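Chain residues, written in single-letter form:
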Amino acid sequence: MPKLLQEDHAIALFGYRSTPTVEAALPLLLQSKVALVAPFSGAQSLHLPFNPYLFHLRASYQQEAAKMVESLATLQVRKVAVLYQDDSFGKDGLAGFERSLQARQLQPLAIAKYDRKDLNVSAAVAAIAAANPQAVLMACTPSACADFIKQMRRKGAPPQFLMLSNVNSDEFFKSLGEEGRGIGVMQVMPYPRDVGAATVREFQRVLKAMPSPPPASYAVLEGFVAAKLLTEGLRRAGPNPSRQKLVAALEAMHDTDLGGVTVNYSATSHDGSRFVELVVVGKNGLILR
């Protein structure tokens, strides 16, 4: 990153993945006054305190958690447990779950964690299975989420499993196979095959034109929309964009429709999109909405 900023004189950074990676970059953004656009993380630590050079695209994990709990409340599900990874990402999800549950006068029957160093969820499985919840809210990495679900099913435990959007990948759904049927996953992008959205139609056209296209997944669509966001910011920055001009151009994007995903920036808020929905995985990993 120092090479990009100091030697290559990059006018923007783009699409950094994972909460710790982005957290490590924050001081350099302030030092170099360069925008980091569309990090692939919804962690609250990246939203607060406000960083004037960090521009989010996706909704936060806290917003996902609120929507998850709202969906359970609609179904009158009250017996809930929580699984989280014992790190900044997992604790962020836990805080969102607890805040949203408390707002509805609910307390988790059990809260279990696992260590990100070994991803061993056996103790968490035992604790949550013993509580016999109707649903489990999960802030975990894909492999740990998959292992937890498989172990719970082997115990004959039938709760509804609900996960944050970080697990989104074809590999995750394939790793579960039929054991993934019925799980719920939060999404921060439109359905990648919903051609009713202009950006999805464009996305599908681009994939069809590629000799070896990536899968039409939520994660790939998010990268596509993120590229549209950065491109629009550069277009608005003018023919000779600079770091300062790009930041100003992005902050002037008020209620900007990228084709079904609306972003809203200002000089005091870089939260971007608030789009969140819950989808259910059906047979053979197909998404049911």
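Keep in mind that what you see is a predicted model, and the values were worked out from it rather than measured.

(A) Broad picture of the pairing of strand 6 (residues 135-139). Here strand 6 lies mainly inside the structure; five of its five residues are buried. Side chains of strand 6 alternate between two faces, with Ala-135, Leu-137 and Ala-139 and Val-136 and Met-138 buried alike. Bridge count between strand 4 (residues 80-85) and strand 6: five bridges; the pairing is parallel. Along strand 6, the bridge assignment pairs Leu-83 with Met-138. As judged from the four bridges shared by strand 6 and strand 7 (residues 160-163), these two strands associate in the parallel manner. Paired with Leu-137 across the strands is Leu-162, a residue of strand 7. Once you follow strand 6 into helix 6 (residues 142-154) and on to strand 7, the crossover reads as right-handed.

(B) Here's a closer look at the packing of helix 9 (residues 218-237) against helix 10 (residues 243-251). Their axes nearest at 8 Å, the elements helix 9 and helix 10 cross at an angle of 110°. Comparing their axes, helix 10 and helix 9 come out roughly perpendicular. In this structure, helix 9 meets helix 10 at a crossing whose hand is right-handed. In this structure, helix 9 contributes Leu-229, Leu-230, Gly-233, Leu-234, Arg-236 and Ala-237 to the contact, and helix 10 contributes Lys-245, Leu-246, Ala-249 and Leu-250. Classifying every residue of the contact of helix 9 with helix 10 gives seven nonpolar, one polar and two charged.

(C) Representation of the packing of aromatic side chains within the structure. All told, the structure shown has six aromatic pairs when counted by the stated rule. Relative to Tyr-265, the ring of Phe-55 has its centre 5.3 Å away and its plane inclined at 90°; by these criteria the two rings are edge-to-face. Of this pair, Phe-55 sits in strand 3 (residues 54-55) while Tyr-265 sits in the loop between strand 10 (262-263) and strand 11 (277-281), and the two are 210 residues apart along the sequence. Overall, Phe-55 belongs to the buried group, its relative accessible area being 0%. Of the residues examined, Tyr-265 reaches a relative accessible area of 1% and is grouped as buried. With 5.3 Å between their ring centres and 70° between their planes, Tyr-61 and Phe-89 make a pair best called edge-to-face. Of this pair, Tyr-61 sits in helix 3 (residues 61-74) while Phe-89 sits in helix 4 (residues 88-102), and the two are 28 residues apart along the sequence. According to the relative accessible area criterion, Tyr-61 is buried, its value standing at 4%. Classification of Phe-89 as buried rests on a relative accessible area of 8%.

What counts, and at which threshold
Residues numbered from 1 in each chain as written. Predicted model: local features only at pLDDT ≥ 70, side-chain atom pairs only at ≥ 80, totals over all residues. Heavy atoms only, no water. Buried < 20%, exposed > 50% of the residue type's maximum accessible area, 1.4 Å probe, protein only. Helix = DSSP H or I, 4+ residues; strand = E, 2+ residues; numbered from the N terminus. Pairing = 2+ DSSP bridges. Right-handed = clockwise from strand over helix to strand, strands pointing away. Axes fitted to C-alpha atoms, helices over the stretch in contact; angles between N-to-C directions. Parallel < 35°, antiparallel > 145°, perpendicular 65-115°, else oblique. Left-handed = near helix turned anticlockwise from the far one by under 90°. Contact = heavy atoms within 4.5 Å. Nonpolar A, V, L, I, M, F, W, Y, C, P; charged D, E, K, R; others polar. Phe/Tyr/Trp six-rings, centres within 6.5 Å; stacked < 30°, edge-to-face > 60°.

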